[in-house]
Amino acid sequence: MAPTMLWASRAASYLRISMFHRGFSTVLKDLKYADSHEWVKVNGNSATIGITDHAQDHLGDVVYVEIPEVGAAVKQGDSFGAVESVKATSDVNSPVSGKVVEVNEELSSSPALVNSSPYEGGWIIKVEMNDAGELKNLMDSEEYSKFCEEEDSKH
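Residues numbered from 1 in each chain as written. Predicted model: local features only at pLDDT ≥ 70, side-chain atom pairs only at ≥ 80, totals over all residues. Heavy atoms only, no water.

- Per an unreviewed UniProt entry, the protein carries the name Glycine cleavage system H protein and comes from Hibiscus trionum.
- Its UniProt record gives the protein the following Sequence similarities (unreviewed entry) comment, quoted word for word: "Belongs to the GcvH family." (UniProt positions renumbered as here; feature names shortened; annotations may be inferred.)

So this is what it looks like as structure tokens:
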């Protein structure tokens, strides 16, 4: 096991987070995933949102993250911001609808957190969800891993 993966496994174990390993990217089991490569972690009516390890890996070094204002409305599938890397700029879509209740201010000064810690320090926004039923439209970790493998095999 590669040193980074070993560290990630130990960190996940310490945090009691289950991990599913695929190729070079990490997919966490307890999250839901959109086909546009965003993840959502739900805690009651609150949803934390970021881009996946797979997405950040394809983007390369992130140099800027555009985030919405607290209070902004987001809609499932619609763009709420962007991630700019040395390779490209990519829209970030919301996997759920609701109101932005918190933004990750750390990303203003440290956008590379999206690369180094996509599921922890690199989260982008927290949303108060309007409809938890929308989670049914998202993939679980196994579905998302298969989706990424199929997508990667096309390239």
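Digging into a nonpolar patch on the surface
Next up, step 1: The grouping of Val63, Tyr64 and Val86 at the surface amounts to a nonpolar patch, some 300 Å² of accessible area in total.
Next up, step 2: Structurally, Val63 is set in strand S6 (residues 62-66).
Next up, step 3: Residue Val63 is classed as partly exposed on the basis of its relative accessible area, which comes to 43%. (Patch = residues over 30% accessible without salt bridge, like charges linked within 9 Å, V, L, I, M, F, W, Y side chains within 5 Å. Areas by Shrake-Rupley, 256 points an atom, 1.4 Å probe, with all protein chains shown as cover. Salt bridge = Lys/Arg side-chain N within 4 Å of Asp/Glu carboxyl O. Helix = DSSP H or I, 4+ residues; strand = E, 2+ residues; numbered from the N terminus. Buried < 20%, exposed > 50% of the residue type's maximum accessible area, 1.4 Å probe, protein only.)

Structural notes on the packing of aromatic side chains
Next up, step 1: In this structure the tally under the stated criterion is 3 aromatic pairs.
Next up, step 2: Their ring planes at 55° and their centres at 5.8 Å tell us that Trp39 and Tyr119 sit as a pair that is tilted. Residue Trp39 is found in strand S4 (residues 38-43), and its partner Tyr119 is found in the loop between helix H4 (113-116) and strand S11 (125-129); the two are separated by 80 residues along the sequence.
Next up, step 3: Of the residues examined, Trp39 reaches a relative accessible area of 1% and is grouped as buried.
Next up, step 4: By way of ring pairs, the aromatic residues Tyr33, Tyr144 and Phe147 are connected into one cluster.
Next up, step 5: Lys126 extends its terminal NZ or CZ atom over the ring of Trp123, reaching a point 4.8 Å from the ring centre. (Phe/Tyr/Trp six-rings, centres within 6.5 Å; stacked < 30°, edge-to-face > 60°. Lys NZ or Arg CZ within 6 Å of the ring centre and 35° of its normal.)

Here we look at the UniProt feature "modified residue: N6-lipoyllysine" (unreviewed entry) in the protein
Next up, step 1: As recorded in UniProt, the sites labelled "modified residue: N6-lipoyllysine" (unreviewed entry) are Lys87.
Next up, step 2: Examined against the element boundaries, Lys87 turns out to sit in the loop between strand S8 (79-85) and strand S9 (89-93).
Next up, step 3: Owing to a relative accessible area of 60%, Lys87 belongs among the exposed residues under this scheme.
Next up, step 4: Excluding its chain neighbours within four sequence positions, the residues that come into contact with Lys87 are Asp57, His58, Leu59 and Gly60. (Contact = heavy atoms within 4.5 Å.)

Notes on the sheet that holds S9
Next up, step 1: Reading across from one edge, S6-S8-S9 is the order of the 3 strands in this open sheet, with antiparallel pairing throughout. With partners counted over all chains shown, the strands left at the sheet margins are S6 and S9, one partner each. Pairwise comparison of adjacent strand axes, ignoring direction, gives a mean angle of 25° for this sheet.
Next up, step 2: Taken together, the 5 bridges between S8 and S9 define a ladder with antiparallel strand orientation. (Pairing = 2+ DSSP bridges. Axes fitted to C-alpha atoms, helices over the stretch in contact; angles between N-to-C directions.)

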